[in-house]
Amino acid sequence: MTFYIKNNITQLHEDQHMAEENNIPFLDCSFTSCNEETSTQKLFVTAETSIENLIKRVINHGKVCKSQLHLNSTDIKGHVGVCKLKCEEKHELLWSSSPYTGDKYLCNLRMSHGFYVSGILPNQYSRFCQASNIGTIGETTLNSIFQKYAPVVSQLVKESYETALLEEIASYEELQEGIDIVTDARHGTRKNSMYTDVVCLGARTHKVLRVETISKVDCTSAQKHELIGTERIYEYFKNLRDEYEVKIRVHCHDRNTSVNKFIRINGIDTESTNDTWHATKNIAKEIKTICSGPRYKEGQTWHPELSDKAASIKTHLYWAMKNCNKDPVKLKLSLLNIVEHYKNNHEHCSELSRCKTDSNYEPTKYLIKDPKAEMLLGRALMNTQVYKSPTDYIHCMDSYYVESFNNAILQYHDKRINFSKQVYILRTSLAVLDWNEHVNRQTTSLKTVQDAKNPRRQVQVKILKRKSYNMWSEIWDQLVKIYLDL
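Scoring rules and cut-offs
Residues numbered from 1 in each chain as written. Predicted model: local features only at pLDDT ≥ 70, side-chain atom pairs only at ≥ 80, totals over all residues. Heavy atoms only, no water. Pairing = 2+ DSSP bridges. Helix = DSSP H or I, 4+ residues; strand = E, 2+ residues; numbered from the N terminus. 1 Å grid on protein atoms, 1.4 Å probe; cavity = no way out; pocket = protein on both sides within 12 Å on 5 of 7 lines; lining within 4 Å. Points joined across faces, edges and corners; volume = space filled by probe spheres on them. Axes fitted to C-alpha atoms, helices over the stretch in contact; angles between N-to-C directions. Domains from an automatic or database assignment. Contact = heavy atoms within 4.5 Å. Buried area = accessible area lost by both parts, 1.4 Å probe. Salt bridge = Lys/Arg side-chain N within 4 Å of Asp/Glu carboxyl O. Polar contact = N/O pair within 3.5 Å; in protein donor to acceptor, adjacent residues only side chain to side chain. Nonpolar A, V, L, I, M, F, W, Y, C, P; charged D, E, K, R; others polar. Parallel < 35°, antiparallel > 145°, perpendicular 65-115°, else oblique. pLDDT = per-residue confidence, 0-100. Buried < 20%, exposed > 50% of the residue type's maximum accessible area, 1.4 Å probe, protein only. Left-handed = near helix turned anticlockwise from the far one by under 90°. Patch = residues over 30% accessible without salt bridge, like charges linked within 9 Å, V, L, I, M, F, W, Y side chains within 5 Å. Areas by Shrake-Rupley, 256 points an atom, 1.4 Å probe, with all protein chains shown as cover. Lys, Arg positive; Asp, Glu negative; His and termini not counted. Charge placed at Lys NZ, Arg CZ, Asp CG, Glu CD.

The name given to the protein in an unreviewed UniProt entry is Mutator-like transposase domain-containing protein, and the organism recorded there is Mytilus coruscus.

### A word on the pairing of strand β11 (residues 443–451)
As defined by bridge partners, β11 adjoins strand β12 (residues 454–464) across eight bridges and the pair is classed as antiparallel. Its bridge partner lying in β12, Thr448 is registered against Gln460. Between the end of β11 and the start of β12, which pair antiparallel, lie two residues.

### Concerning empty space enclosed by the protein
Counted under the stated rule, the structure contains one cavity of 30 Å³ or more. What lines the largest cavity is Gly188, Thr189, Ser193, Met194, Tyr195, His413, Asp414, Ile417, Asn418, Phe419 and Tyr424.

### As for the sheet that holds strand β3 (residues 92–96)
Each strand in a sheet pairs with its neighbour through backbone hydrogen bonds, running either in the same direction (parallel) or in the opposite one (antiparallel). Read across the open sheet, the three strands follow the order β1-β2-β3; overall the sheet is antiparallel. Strand pairing shows two members of the sheet lacking a second neighbour, β1 (70–77) and β3, which therefore form its edges. Direction aside, the axes of adjacent strands within the sheet are offset by 20° on average. Inspection of the sheet shows strand β2 (residues 80–86) paired to β3 by five bridges, in the antiparallel sense. Paired with Val82 across the strands is Ser96, a residue of β3.

### Focus on the domain arrangement of the protein
The domains assigned to the protein are domain 1 (1–31), domain 2 (42–137), domain 3 (147–275 + 397–484) and domain 4 (277–392). Distance between the C-alpha centres of domain 3 and domain 4: 35 Å. Listed per partner, the contact involves ten residues of domain 3 and ten residues of domain 4. Here domain 3 and domain 4 share an interface that buries about 710 Å² over both sides, 35% of which is from carbon and sulfur atoms. Area buried by domain 3 at its contact with domain 4 is led by Arg255, Asp275 and Arg456, which between them contribute 65% of it. The interface formed by domain 3 and domain 4 holds one salt bridge in total. Measuring nitrogen to oxygen at the nearest pair gives 2.8 Å for the salt bridge that ties Asp392 to Arg255. Applying the counting rule to domain 3 against domain 4 returns seven residue pairs in polar contact (both at pLDDT 80 or more). Of the residues contributing to the side of domain 3 that touches domain 4, the split by class is no nonpolar, five polar and five charged.

### Some thoughts on the packing of helix α16 (residues 421–438) against helix α17 (residues 470–484)
Interhelical geometry of α16 versus α17 gives an angle of 130° and a closest axis separation of 9 Å. One finds that α16 runs oblique with respect to α17. Residue-level inspection shows Leu430, Leu433, Asp434 and Glu437 of α16 in contact with α17, the latter providing Asn470, Met471 and Ile475. Looking at side-chain class alone, the contact of α16 with α17 contains four nonpolar, one polar and two charged residues.

### Some points on the sheet that holds strand β7 (residues 195–202)
Across the sheet, which stays open at both edges, the five strands sit in the order β8-β7-β6-β9-β10 with mixed pairing between neighbours. Strand pairing shows two members of the sheet lacking a second neighbour, β8 (208–215) and β10 (271–274), which therefore form its edges. Sheet twist, expressed as the mean angle between neighbouring strand axes with direction ignored, is 25°. In terms of strand pairing, strand β6 (residues 179–187) meets strand β9 (residues 248–253) through four bridges, oriented parallel. Each bridged residue has a counterpart across the sheet, and for Ile181 the counterpart in β9 is His251. Across the sheet, helix α6 (residues 225–244) is in contact with β6, β7, β8 and β9; its angle to β8 comes to roughly 135°.

### Section: the confidence of the model for the protein
On average, residues of the protein score 90 in pLDDT, and 93% of them reach the 70 mark or higher. For the protein, helix α1 (residues 2–21) is the element with the lowest average pLDDT, namely 57, and helix α3 (residues 106–118) is the one with the highest, namely 97.

### A word on the side chain of Ser312
For Ser312, the location among the structural elements is in helix α10 (residues 310–322). The exposure class of Ser312 is buried, given its relative accessible area of 9%. Those residues in contact with Ser312, other than ones at most four positions away along the chain, are Tyr342, Lys365 and Arg456.

### Details of the packing of α3 against α17
Contact pair α3 / α17: the axes reach a minimum separation of 11 Å and the direction vectors enclose 140°. Relative to α17, the element α3 lies oblique. Taken as a pair, α3 and α17 cross one another with a handedness that is right-handed. Residue-level contacts link Leu106, Leu109, Arg110, His113 and Val117 of α3 to Trp472, Ile475, Trp476, Leu479 and Tyr483 of α17.

### Describing a negative patch on the surface
Among the surface-exposed residues, Glu159, Glu162, Asp242, Glu243, Glu245, Glu474 and Asp477 lie close enough to one another that they form a single negatively charged patch. Note on placement: Glu474 falls in helix α17. For Glu474, a relative accessible area of 43% translates into the label partly exposed.

### Details of a nonpolar patch on the surface
Side chains of Val329, Leu333, Leu336 and Met382 sit close together on the surface and give an oily, nonpolar patch of about 350 Å² of accessible area. Examining the composition of the nonpolar patch, we find that three residues originate from one element, helix α11 (residues 328–342), more than from any other. Considering the arrangement of structural elements, one finds Leu336 in helix α11. Taking the relative accessible area as the measure of exposure, Leu336 reaches 32% and is therefore partly exposed.

Spelled out as structure tokens, the structure:
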């Protein structure tokens with residue numbers, strides 16, 4: 001740093017001499033340096049108009065007084081510096097580093113806006129400001145700004161819901177049948193959660209159509225919050241039906257039995273379907289119980305002929321759900337055909353399967369020859385949730401995007417912190433605006449990722465474009481209008 005400053009000062013003198021020789025007005029663009037004593041000086045945020053105002057006032061002072069102004073004191077108000085300048089003739093000049101927006105300093109208002117949309121916690125904001133020595137907005141001022149900030153975000157979220165619904169409706173060629181939705185519940189904290197968000201996404205646009213926040217004031221049992229939230233979502237769509245003429249065709253969720261019952265009883269034209277991932281996530285673990293075990297249980301609870309089939313059976317289940325053509329009978333038969341496939345009997349296998357299309361096909365897994373192995377595998381398949389309730393999986397829908405939203409919302413919601421209801425709803429609303437703006441943004445490239453724990457799975461991951469955050473400027477514009485009208 002010292003080397004740079006010395007070279008910079010040398011260059012400054014050369015520029016000055018060159019300007020004098022060529023009669024060119026000299027522009028002093030040097031930077032000041034600080035020492036240990038001045039390194040702890042007060043810092044504040046300023047605005048361009050305030051700097052222009054300071055220049056004009058200093059020039060005006062110079063017209064009436066030959067003495068130079070010197071900084072006498074600096075008071076920090078939030079992130080704004082209020083400086084008192086004095087000269088030897090005892091002329092005083094009071095200057096603020098920020099103009100007013102209504103009854104608030106512009107810089108303080110802008111910094112509080114950044115605090116809210118960033119999703120950081122109040123103590124993180126306070127520690128950051130104290131460590132950087134740029135001042136801190138007081139709790140009273142923040143609460144005052146919050147009272148006007150929350151309604152602005154709430155109004156923008158309502159508009160976002162309407163826009164997302166219209167986009168979802170436009171994605172269907174035959175709207176008379178209705179739209180498909182995916183819902184899931186997310187608890188605000190890890191244990192004994194005060195609040196629960198029930199999120200509803202459009203199945204095609206993946207945008208949030210509605211979020212219902214349920215608290216323990218509504219119901220003391222957190223386990224019942226998902227049902228209450230689902231009922232409110234259906235009531236919301238029912239009230240919109242006259243305006244948009246839309247109904248729910250298929251409702252996918254993560255197999256909450258109370259939600260299944262509610263849809264069966266009250267959803268007249270709605271089909272309930274369960275998430276495929278939750279149905280199959282434990283399949284490999286369950287199948288492993290018949291793939292290995294103690295020697296004395298061989299042929300009773302497990303069989304060596306099944307030792308290499310745990311992972312591939314899970315793939316078979318996904319294929320069966322995806323290709324059943326919404327026929328529960330065909331889905332059950334496809335599951336039972338897994339046993340025949342491993343017996344090298346491909347009579348009922350799909351015509352597109354390699355075992356039928358490839359004349360040189362040879363099985364890569366151990367063939368099932370022992371009737372005991374056949375019985376164990378057949379019994380395990382019939383005990384799966386997909387086989388027991390095939391009508392809940394014939395649509396082969398997953399809750400990937402709603403689970404992704406539950407992960408993205410953690411930028412605004414820390415599960416370790418209990419927020420007040422107003423702050424909780426504000427942070428949820430900011431997460432919705434963020435998600436709806438960026439969920440379908442374009443990709444720049446693809447990269448293949450292989451998990452060491454699951455080498456069979458090689459996924460192409462999208463490299464997404466950088467987020468634009470237009471929501472920030474929309475919130476700011478609305479907030480400024482409110483304060484300018486005061």
